[in-house]
Amino acid sequence: MKKILALLIFISLFTACKKDKNISTDTKKNGEKTEQKVEQKFVSTKKVQKNGVATILPEDLIVLAKFNSLESLYRNLSINGRGIFGFNPLILKDIKEQFGFNPLILKDMEELGVDSKREIGYALLDLNIAKESASMLVFIPVTDGKKLISKWGEILKKTGMELSEVDGFTNFKIDEISFYIKEKDGFIFLIFNPTEDVLTHAKAIFQKKTLSSSEKYGKIGERAGSGESFYLYANFSTFFATNSEKLKEVFEDIYHGMGGTIPVTMVSLLNSYQAMGVSVDFEKSDFIVTWVAGVDKNSKINDLMKDISFKKERILGIKSEPLFILSFALNPIAYWDLVKSMFREHDIKDMNRSFAEMKAETGVDFIEDILKNLGGNFNMGMFDVSTMNLDMFAVNFAGDFTVKDSKKAEEILVKLSEKAENRTVEEIGGVKTQVFNLMVVSLYVGVKGEHVIYSVNKKLYEDMILGDKSKGFLSSWDSKKPKTELESDSQLLYFNFDELVKMINASPSISQDVWKSTMNLLVKFDYTIMNASKDESIWFGDFILKTKFKEPFLLELKPLVVDIAKEDGYEE
């Protein structure tokens, strides 16, 4: 469990995001984190919740997850008396007869005193991994809190339990876990901790500085969209303040006692994250996720994007339609320094020994000749699926990366190629090209300007040598395609579902009958794009799944998902 927790944290925190200048964080010499006030210039296009439950919950909570309303949640998840998203939870089958209401019917919930038009959700108030302790809170908006609490009392009484009053809270126990209920400002708060009594903590919650007073929460929520259909806020500062030492132990377990600086460096990197906000809008026909993260100004993570630029003209000069394009930029030296900081001294010696052997064999110094010459921009993609043969592993792959000194890069390419078998040299588009026969395909590699270009398809290689973006595939795109996003100075991953469908249809080894429902789903999608970048110590990002739906995303997705489930044996 510890390993899974650490891995999830590591993966989620290294997600790249999109830029803005509204939040800046720093670390004082004593390690205390502060927020630097920066003049706000950003005008939000997202729905923002400026009051509500954030005016009550404590500023130092760890996680807030909320839906903007029960009404929206029920509508988009197709929650009704028969089921959720087309599936029938058997556990609720007889609840109407037993307790007089069905939680899957919105009207029943409203009659219990629940307000279906305001935000509802969950908060993780504190988490101590070493003590295996977590205090949690569920908040429910109400029109009549006393009526809802009274109904809970009736239900508990039928199961042999009773409500009691203690220090201004309504209290009950289930399996020795104490639950405390408090009604405040139009919300019912249910507070509990599975491993310890949380009464003292519960009393303190409503005396603390509130979440809405936090500049960090406000600015992240404004950009990410705290008022969207679903919003998640994670306060990493609070989490790491309590759990840094334990996380070091967790990482040591993961690396099986490797020692060195891996656990220390990893925790230091994670500790530089202050907070993140993630929102999802369920009301649109497209599935859109937006997120933003604030990082300490002096974090090594920020160095990964230092002094880099985006150069996509070669990959965008390809005329054929892409199946996918991956384009990213990073500072190679900063990345290498970060990697080295995580390893033990003798691991570094082993790497240096390998580099020395490489230099003796080829005359190429990995650090001086390759790493220090990298320009930091990397592009790759797969194109023209109609001419690919998956059964023969023949794919139309192409890409490039930038270098600082093209003449030096050409010399290094020749040195590394000289001892390769089945190699020839051709001049293609005025470029001296190394051609490697890889049995099924040939690999073409050459240097044009500041780009090292490679491809397993000669036509794609020629397009990239020309590098004329005005004649590339973007020139045939209309306004519905993400042309601006692909041309932007940002990290991105683009995937084209129309091309995927073509590729599947063209492959004789894929049974169309088996894939029938899945294909019905795929043809409803247009493309997906993850577009991300950074400015100073702020990381922003978007994930967009563009669809051909007419209705809100989840509503149209439901019947398609149910069809796939039925193919797997699900019965309504």
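Scroll up to find the structure.
Enquirer: Sorry, what's going on with the overall build of the chain here?
Expert: Secondary structure summary: the chain contains 19 helices and 22 strands in total. The proportion of buried residues among the 572 residues of the chain is 48%. Looking at the chain alone, contacts between residues at least 24 apart form 68% of all its contacts between residues at least 6 apart. Summing over all exposed atoms, the chain offers an accessible surface of approximately 28200 Å²; the carbon and sulfur share of this is 54%.

Enquirer: It is not clear to me how the environment of Ser272 should be interpreted in this structure. Could you clarify?
Expert: Residue placement: Ser272 occurs in the loop between α9 (262–271) and β11 (273–281). Residues Ser272 and Gly294 lie 22 residues apart in sequence; the distance between their C-alpha atoms is 8.8 Å. A polar contact of 2.9 Å, which involves the side chain of Ser272, links it to the side chain of Ser299.

Enquirer: Help me out: how do you make sense of the pairing of strand β13 (residues 322–329) in this one?
Expert: Put simply, side chains in a regular strand alternate between the two faces of the sheet. β13 sits mainly inside the fold: six of its eight residues count as buried. Pairing of β13 with strand β14 (residues 374–383) involves seven bridges; the strand directions are antiparallel. Its bridge partner being in β14, Phe324 is matched across the sheet by Met382. Bridge count for β13 against strand β20 (residues 491–496) is four bridges, and the pairing is antiparallel. Directly across from Leu326, in β20, lies its bridge partner Leu493.

Enquirer: Got a minute to help me understand helix α14 (residues 406–417) in this structure?
Expert: An α-helical turn contains 3.6 residues, so any two residues separated by three or four positions project in the same direction. Along its twelve residues, α14 runs 16 Å from first to last C-alpha, staying within 8% of the 16 Å computed at 1.5 Å per residue. In this structure, the buried residues of α14 make contact with α13 (366–370), β15 (397–403), β16 (423–428), β17 (431–438), β18 (441–448) and β19 (451–455). Of the residues flanking the start of α14, the one acting as N-cap is Asp405, its side-chain oxygen 3.1 Å from the backbone nitrogen of Lys407.

Enquirer: Could you clarify how one ought to interpret the nonpolar core in this entry?
Expert: Formed by 82 residues in total, the largest nonpolar core has its most connected members in Phe525 and Leu557. In terms of residue count, helix α8 (residues 236–254) provides more of this core than any other element does, seven residues in total. Aside from chain neighbours lying at most four places away, what touches Leu557 is Phe85, Leu521, Phe525 and Phe549. In this structure, Phe169, Ala202, Ile220 and Ala275 belong to the second largest nonpolar core, which totals 30 residues.

Enquirer: Sorry if this is basic, but what is going on with the side chain of Asp108 here?
Expert: As for its placement among the helices and strands, Asp108 is situated in helix α4 (residues 106–111). Since its relative accessible area comes to 9%, Asp108 is described here as buried. If we skip the residues at most four places from it in the chain, Asp108 touches Lys96, Phe101 and Asn102.

Enquirer: How should helix α11 (residues 332–340) be read in this particular structure?
Expert: Listed as buried for α11 are Pro332, Ala334, Trp336 and Leu338. For α11, the N-terminal cap is Asn331; the gap from its side-chain oxygen to the backbone nitrogen of Ile333 is 3.1 Å.

Enquirer: In this structure, what is going on with the pattern of salt bridges? I would like to understand it.
Expert: Any two side chains of opposite charge can pair, on the condition that their charged atoms come close. Evaluation of the coordinates by the stated rule reveals 23 salt bridges. Lys151 is the partner of Glu154 in a salt bridge, and the nearest nitrogen-oxygen pair spans 3.5 Å. Here Glu154 pairs with Lys151, and both are found in helix α5 (residues 145–158), just three residues apart, close to one helical turn. You can call Lys151 buried: its relative accessible area is 16%.

Enquirer: Just to check I follow, could you spell out the side chain of Asn128 for this structure?
Expert: Its location among the elements puts Asn128 in strand β4 (residues 120–128). There is a polar contact of 3.0 Å between the side chain of Asn128 and the backbone nitrogen of Lys131. Look past the residues within four positions of Asn128 in its chain and what remains in contact with it is Ser133, Thr242 and Asn243.

Enquirer: Explanation requested: the packing of aromatic side chains in the structure shown.
Expert: Aromatic ring pairs are defined here through the distance separating the ring centres and the angle between the ring planes. For the coordinates displayed, the defined rule picks out 28 aromatic pairs. When the centroid spacing of 5.4 Å and the interplanar angle of 70° are considered together, the rings of Phe495 and Phe497 count as edge-to-face. Using a relative accessible area of 11% as the deciding quantity, one classes Phe497 as buried. Against the face of Phe169 rests Lys182, its NZ or CZ located 5.2 Å from the ring centre. Over the ring of Trp477 we find Lys481, and its NZ or CZ is 5.8 Å from the ring centre.

Enquirer: Is there a simple way to explain the pairing of β4 in this structure?
Expert: The pairing of strand β3 (residues 63–67) with β4 spans five bridges and is classified as antiparallel. Considered in β4, the bridge of Val63 is made with Leu124. Alignment of β4 against strand β5 (residues 133–141), held across seven bridges, turns out to be antiparallel. Bridged to Ala123 within β5 is Leu137. Between β4 and β5, which pair antiparallel one after the other, the connecting turn spans four residues, and Glu132 there sits at a positive phi close to 50°.

About the thresholds
- Residues numbered from 1 in each chain as written.
- Predicted model: local features only at pLDDT ≥ 70, side-chain atom pairs only at ≥ 80, totals over all residues.
- Heavy atoms only, no water.
- Helix = DSSP H or I, 4+ residues; strand = E, 2+ residues; numbered from the N terminus.
- Buried < 20%, exposed > 50% of the residue type's maximum accessible area, 1.4 Å probe, protein only.
- Contact = heavy atoms within 4.5 Å.
- Areas by Shrake-Rupley, 256 points an atom, 1.4 Å probe, with all protein chains shown as cover.
- Polar contact = N/O pair within 3.5 Å; in protein donor to acceptor, adjacent residues only side chain to side chain.
- Pairing = 2+ DSSP bridges.
- Expected span 1.5 Å × (residues − 1).
- Core = buried A, V, L, I, M, F, W, Y, C linked by side-chain atoms within 4.5 Å.
- Salt bridge = Lys/Arg side-chain N within 4 Å of Asp/Glu carboxyl O.
- Phe/Tyr/Trp six-rings, centres within 6.5 Å; stacked < 30°, edge-to-face > 60°.
- Lys NZ or Arg CZ within 6 Å of the ring centre and 35° of its normal.

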